Amino acid sequence: MSFFKTAKPFVIAGPCSAETREQALETAAALSGMGIQLFRAGVWKSRTRPGSFEGNGAVALGWLQEVKRLYKLPVTIEVAEPAHIELALRHGIDALWIGARTTVNPFQVQRLADALKGVPIPVMVKNPVNTDVDLWQGAIERFEQAVAAEVAAIHRGFTGYKGVAGYRNQPNWPIPIELKRRRPELTMICDPSHITGDRGRIAEVSQKAMDMHFDGLMIETHPNPENAWSDAAQQITPQQLQQLLAGLVVREEFTSDMTGLMQLEYLRQLMDSLDAEIIDLLARRMELSTQMGDVKRACNMTAFQPGRWREIVETRGTQAQARLLSKEFIVELYERIHHESISKQLGVLEGGVLPAVRESTTPT
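Just so it is clear, the model here is predicted, and its values are computed rather than measured.

Residues Val-123 and Val-125 point to one face of strand β5 (residues 123-126) and Met-124 and Lys-126 to the other, with burial holding for every one of them. Inspection of the sheet shows strand β4 (residues 95-98) paired to β5 by three bridges, in the parallel sense. Residue pairing in the sheet places Leu-96 in a bridge with Val-123 of β5. Sheet topology places β5 next to strand β6 (residues 151-155); four bridges connect them, and they run parallel. Among the inter-strand pairings, Met-124 is bridged to a residue of β6, identified as Ala-152.

Structure follows, in structure tokens:
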């Protein structure tokens, strides 16, 4: 059995930072009876601005050794430099994770992968801060080519405008879904602490992750979150974690309920039929876009017309709301459709420029 498939959900919990020996041991003592799979703690903390608490470094690794010895909890830390890896291995750390700010840099990822060549230690790779599934997948593959153990993915959200939809980091669920589509065997862990930045929403996002077939959760847990030295707003107490896990509904991908399977298959057939109609309608819409390109070429008009686009956004958004659809969803969908439509029209305009026009714009 793989390292990450020993439980559903696979739970990783512990403080954002290992602040003191007493704090690390107190948290571990409270978590030791909950059946969590990994105790997490930040040892080196990459902070946005200088002067913030940046972790206790190597001295905290000794505290984690005590956590392992006293409470029989496997431990995991974030590493960002080859020197971090060397120290982690020397102190018997059981698993490593790669932070979002490191994943975004393929050069640094490769340096870390080289430092782990042939080492039998599991590695978890957080998504990069920007919404780039290829970058995330590439980092995972670099570690898969190096380590002699399993590599997993951690979804911690993506950097966006602060406060949008109430998240610290936008979840942008289609990105981890696409990664899972490409790599269905890959263990996918959700980090609701960093996604929400708000302890009041951690349970909500944790349940959503389970509903979306994630394999595990990484939740920051602190005995006194309000006084935490870093990320205080997104940490919960061990007692709150216990309540969250007890209330979690863990769903399965498959079922043996034949009635349910038959109903699901019927609905899927209806959906497949509708999808075929949607594709046919989109093809017809693009044919109209090409015809509009011909008219605009003949009339010497631009492909993009802001007034018309504003009208589309307003009318389609209103129609969506009338049908109980999300306006944001429909506008985002039409942005893609509109972009393709403009591309079609540009193809007509650029492919239909007369030679005389080209000559008139060429310097003599």
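Resuming the write-up.
Compared with an ideal rise of 1.5 Å per residue, which puts 25 residues at 36 Å, helix α13 (residues 327-351) spans 35 Å between its outermost C-alpha atoms and is within 8% of the ideal. For α13, every residue scored as buried is listed here: Ile-330, Val-331, Ile-337, His-338, Ser-341, Ile-342, Gln-345, Val-348 and Leu-349. Close packing links the buried residues of α13 with α11 (258-298) and α12 (306-322).

The biggest cluster of nonpolar side chains holds 64 residues, and the ones touching the most others in it are Phe-39, Leu-64, Ile-77, Leu-96, Leu-116, Val-125 and Phe-143. Setting aside anything within four residues of it in sequence, one finds Ile-77 in contact with Ala-41, Val-43, Trp-44, Leu-61, Leu-64, Ala-88, Ile-93, Ala-95, Leu-96 and Trp-97. If you look at the next biggest cluster of nonpolar residues, it comprises eleven residues, including Ile-12, Ala-95, Trp-97 and Met-124.

Criteria and thresholds
Residues numbered from 1 in each chain as written. Predicted model: local features only at pLDDT ≥ 70, side-chain atom pairs only at ≥ 80, totals over all residues. Heavy atoms only, no water. Buried < 20%, exposed > 50% of the residue type's maximum accessible area, 1.4 Å probe, protein only. Helix = DSSP H or I, 4+ residues; strand = E, 2+ residues; numbered from the N terminus. Pairing = 2+ DSSP bridges. Expected span 1.5 Å × (residues − 1). Contact = heavy atoms within 4.5 Å. Core = buried A, V, L, I, M, F, W, Y, C linked by side-chain atoms within 4.5 Å.

Bear in mind that shape data such as this cannot, by itself, settle questions of function.
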